[in-house]
Amino acid sequence: MVIKPCCLGDLIMTTPLLETLRASYPNATITYVTGSWSKVIPEHHPAVDRVIDCGSVGIFGRYSLKEYLQLARKLRTYRFDLAFVLDRSPLLTLLPWLAGIPRRVGPDSLGRGFSLTDRVPVSGSSEHLQHEADIYLDLARALKLPIRQPRMRFVPTEEERRSARHLGQPQIAVFVGGGSNPGMELTAKRWPLERYRALVAKLVHELQAHVLLIGGQSDTELTRSLLDGLDVPEGSVVNLAGKTSIGELAAQLEACALYIGNDSSPMHLAAAVGIPVIGIFGPTSPQEYGPYPTDDPKHIALWKHPTGQPCFFLGKMNACQNCTCMQAITVDDVWQAVLRLLPTQQNSEVVS
């Protein structure tokens, strides 16, 4: 059993561990326990045999003791041999103990893994940052499981792939939202909208790109605002915010040459389907949350934090006296990253 209730981006970062578990236990039944909001991620991973919807259990303030105990009783009926707890909540690390699972592996952050049989150390210092995907892989390393070339992975269905638009190349996905999850709002992760507007115009006019504005229902107002005053040819920018499921969005990203956007679940989804990614970071650190693997040449994380230490750490946003990190990243910074990952037609002709 693997348990991680929330949220979408966090679950995508658990997929390198899923690949490792399937390679090490080819005959095991792997069950993923997650919330209604996030279950789409393991449902699209070939290593997962079964998904159990835990509702809101695991999301702070959203569930009752009765729901928690009902889930423990339900999990007990499956007679799991081994549990990987990927959350640092003491209540969630206790859950597999209540479910009678004999071996329980998880990160021991600030002593919150007291009910685990295998407590894997994890840094509690902002001076020693670990990528979330590597923290999960450390659980496999603790069991001496071989780690090969771990990558994030999301596999759209064929029906979802048929829904994707192909408007011509280069087709670039741009995400201006993010920072909104059940139980948490962190809109400080958003790069200024006027800079996105200037960037989109540049992509269209200088690269003749087709730009797809992506996002969920909560991002529709932002994308409409970006379109206001945007002087580009008709049809060169398409607003898809709120019009796709997560699976359809993954399929649409698969059909793109590049993703540009804030630290968010769409950024991780783009990395999981294998396209080049430019992630724009501010209060969060790419050392913890960057597109994974962080050493992939197709992944560029832009971060200009004045202290070099994230304001958002251990699940909390600390007070910031110098809120310049998002403003410090210029349109030209992003443009230079675009040219590194998506050579211009002129450069392509020189190469050929």
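Residues numbered from 1 in each chain as written. Predicted model: local features only at pLDDT ≥ 70, side-chain atom pairs only at ≥ 80, totals over all residues. Heavy atoms only, no water.

1. So, the pattern of salt bridges
This model, assessed by the stated rule, comprises 13 salt bridges. Linking E132 and R88 is a salt bridge whose minimum nitrogen-to-oxygen distance equals 2.6 Å. Pair noted here: E132 is in helix α6 (residues 132-142) and R88 is in the loop between β4 (82-85) and α5 (90-98), with a separation of 44 residues, a long-range link. The pair formed by E132 and R88 is uniform in burial state, with each residue classed as buried. Here D296 and R151 are joined by a salt bridge, their closest N and O atoms 2.6 Å apart. Taken as a pair, D296 in the loop between α12 (286-289) and β14 (299-303) and R151 in the loop between α6 and α7 (158-162) lie far apart in primary sequence, 145 residues in all. (Salt bridge = Lys/Arg side-chain N within 4 Å of Asp/Glu carboxyl O. Helix = DSSP H or I, 4+ residues; strand = E, 2+ residues; numbered from the N terminus. Buried < 20%, exposed > 50% of the residue type's maximum accessible area, 1.4 Å probe, protein only.)

2. So, the pairing of strand β12 (residues 258-262)
With 5 of 5 residues buried, β12 lies mostly within the body of the structure. With 4 bridges connecting them, strand β7 (residues 171-175) and β12 associate as parallel partners. Bridge pairing in β12 places I172 opposite L258. Here β12 pairs with strand β13 (residues 277-281) via 4 bridges, running parallel. Opposite I260, over in β13, you have I278 as the bridge partner. (Pairing = 2+ DSSP bridges.)

3. A look at helix α10 (residues 246-254)
Within α10 the residues assigned to the buried category are G247, L249, A250, A251, Q252 and L253. Those residues of α10 that are buried are in contact with α7, β7, β10 (210-213), β12 and α11 (265-272). (Contact = heavy atoms within 4.5 Å.)

4. Thoughts on the side chain of K189
Among the secondary structure elements, K189 is positioned in the loop between β9 (184-185) and α8 (193-207). A polar contact is formed between the side chain of K189 and the backbone oxygen of D263, at a distance of 3.3 Å. (Polar contact = N/O pair within 3.5 Å; in protein donor to acceptor, adjacent residues only side chain to side chain.)

5. Structural notes on the environment of I59
Relative to the elements of secondary structure, I59 occurs in the loop between β3 (50-53) and α4 (65-76). Classification of I59 as buried rests on a relative accessible area of 9%. Sequence separation between I59 and C6 is 53 residues, and the spatial gap between their C-alpha atoms is 7.1 Å.

6. A short note on the pairing of strand β5 (residues 103-108)
Where β4 meets β5, 3 bridges bridge the pair, whose relative direction is parallel. Bridged to A83 within β5 is R104. In terms of handedness, the path from β4 via α5 over to β5 forms a crossover that is right-handed. Of the pairings in the sheet, the one linking β5 to strand β6 (residues 118-121) comprises 4 bridges and is parallel in character. Looking at the pairing, D108 lines up with P121 of β6. (Right-handed = clockwise from strand over helix to strand, strands pointing away.)

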